[in-house]
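Breakdown of the fold
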Amino acid sequence: MTTPVLLDEEDQAPRKARRTRRLERHLKRGGNEELNIVSMIDVFAVLVFFLLVSSSIAAARLNVLSLNLPSNDQATPPEKLPLQLTVSLLPGAMVVSDRNGAIRRLDNTPAGYNIQALSEVLVETKKAAPSENSLTLLVAPDVPYDDVVKVMDAARLTPAEARNLGLPRELYPLISLGDAQGTTPVSGGSAP
């Protein structure tokens, strides 16, 4: 059996020189070569394709719309025109109107706006058009905020007597506010 022989630094010197000469020859021959990136481009092409496909699948999951589109053979029923109920708060009166014009003018009482009469008119209009849920409130610039809130509450909540007759708890829950600067009070009014 042979025992390993340890070489000292003098013996390793020719080996290092041989190694450095070999590296120098290799660098001289391949020093002008360019880096070959064809395989890296192939990997990126596959990666881009994979990312595009996976993102389109993820987007398809997020943007699912279930639309029930009518077919050509189905007849469309004529749509009922909305009521477009409007309450105009003017300095001396309230005017309740719909798309056809004024329904009723409610003059102020000595205590202020006649909220009780407004509730009665709105209950009557709700009985005539039970599916209507929206109301537009047009307010003159000099109407106090407290009066606007009282009118909104009267338009939104159904009085107890009307609830007993089967009306919903909320008369007109969707209230839009607007400016009534150009609105002029209508003289007189007719009951619906």
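Residues numbered from 1 in each chain as written. Predicted model: local features only at pLDDT ≥ 70, side-chain atom pairs only at ≥ 80, totals over all residues. Heavy atoms only, no water.

Right, let's get into the overall build of the protein. A tally of helices and strands in the protein yields 5 helices and 5 strands. Taken from the N to the C terminus, the helices and strands of the protein come in the order α-α-β-β-β-α-β-α-α-β. Buried positions account for 23% of the 192 residues belonging to the protein. The long-range fraction of contacts in the protein, counting pairs at least 24 apart against all pairs at least 6 apart in sequence, stands at 58%. Accessible surface computed for the protein: about 14800 Å², of which carbon and sulfur atoms make up 57%. (Helix = DSSP H or I, 4+ residues; strand = E, 2+ residues; numbered from the N terminus. Buried < 20%, exposed > 50% of the residue type's maximum accessible area, 1.4 Å probe, protein only. Contact = heavy atoms within 4.5 Å. Areas by Shrake-Rupley, 256 points an atom, 1.4 Å probe, with all protein chains shown as cover.)

A separate point is a nonpolar patch on the surface. On the surface, Leu35, Ile37, Met40, Ile41, Phe44, Leu47, Phe50 and Leu51 cluster together into a nonpolar patch covering about 830 Å² of accessible area. Its location among the elements puts Met40 in helix H2 (residues 38-62). (Patch = residues over 30% accessible without salt bridge, like charges linked within 9 Å, V, L, I, M, F, W, Y side chains within 5 Å. Salt bridge = Lys/Arg side-chain N within 4 Å of Asp/Glu carboxyl O.)

So, on to the packing of aromatic side chains. Applying the stated criterion across every chain yields a total of 0 aromatic pairs. Directly above the ring of Tyr172 sits Lys126, whose terminal nitrogen or CZ lies 5.1 Å from the centroid. (Phe/Tyr/Trp six-rings, centres within 6.5 Å; stacked < 30°, edge-to-face > 60°. Lys NZ or Arg CZ within 6 Å of the ring centre and 35° of its normal.)

Per the stated rule, a full pass over the model turns up 3 salt bridges. Salt-bridge contacts for Asp107 lead to Arg105; the nearest nitrogen and oxygen are separated by 2.7 Å. The partner of Glu170 in a salt bridge is Arg156, and the shortest N-O contact between them spans 3.4 Å. Here Arg156 lies in helix H4 (residues 145-156) and Glu170 lies in the loop between helix H5 (160-164) and strand E5 (174-179), a separation of 14 residues in the sequence. Taking relative accessible area as the criterion, Glu170 reaches 30% and is therefore assigned partly exposed. With a relative accessible area of 28%, Arg156 lands in the partly exposed category.

The next point concerns the packing of helix H3 (residues 115-128) against H4. Look at H3 against H4: their axes get within 9 Å of each other, and the N-to-C directions meet at 30 degrees. Between H3 and H4, the angle is such that the two are roughly parallel. As for the relative orientation of H3 and H4, their crossing is right-handed in sense. Each of Ile115, Leu118, Ser119 and Leu122 in H3 lies in contact with H4, whose residues at this interface are Lys150, Val151, Ala154 and Ala155. For the contact of H3 with H4, the per-class residue count stands at 6 nonpolar, 1 polar and 1 charged. (Axes fitted to C-alpha atoms, helices over the stretch in contact; angles between N-to-C directions. Parallel < 35°, antiparallel > 145°, perpendicular 65-115°, else oblique. Left-handed = near helix turned anticlockwise from the far one by under 90°. Nonpolar A, V, L, I, M, F, W, Y, C, P; charged D, E, K, R; others polar.)

Side chains of Lys16, Arg18, Arg19, Arg21, Arg22, Arg25 and Arg29 sit close together on the surface and give a patch of like positive charge. Residue position: Arg22 is located in helix H1 (residues 9-30). (Lys, Arg positive; Asp, Glu negative; His and termini not counted. Charge placed at Lys NZ, Arg CZ, Asp CG, Glu CD.)

With that out of the way, let us pick up H4. If you check H4, its first and last C-alpha atoms are 17 Å apart, about what 12 residues at 1.5 Å a residue would give, namely 16 Å. Those residues of H4 lying buried are Val148, Val151, Ala154 and Ala155. For H4, the buried positions fall inside an angular range of 125 degrees around the axis, keeping them on one side. For H4, the exposed residues lying more than 90 degrees away from the buried face are Tyr145 and Asp146. Those residues of H4 that are buried lie in contact with strand E1 (86-89), strand E2 (93-98), H3, strand E4 (134-139) and E5. (Expected span 1.5 Å × (residues − 1). Arc of directions from axis to C-beta.)

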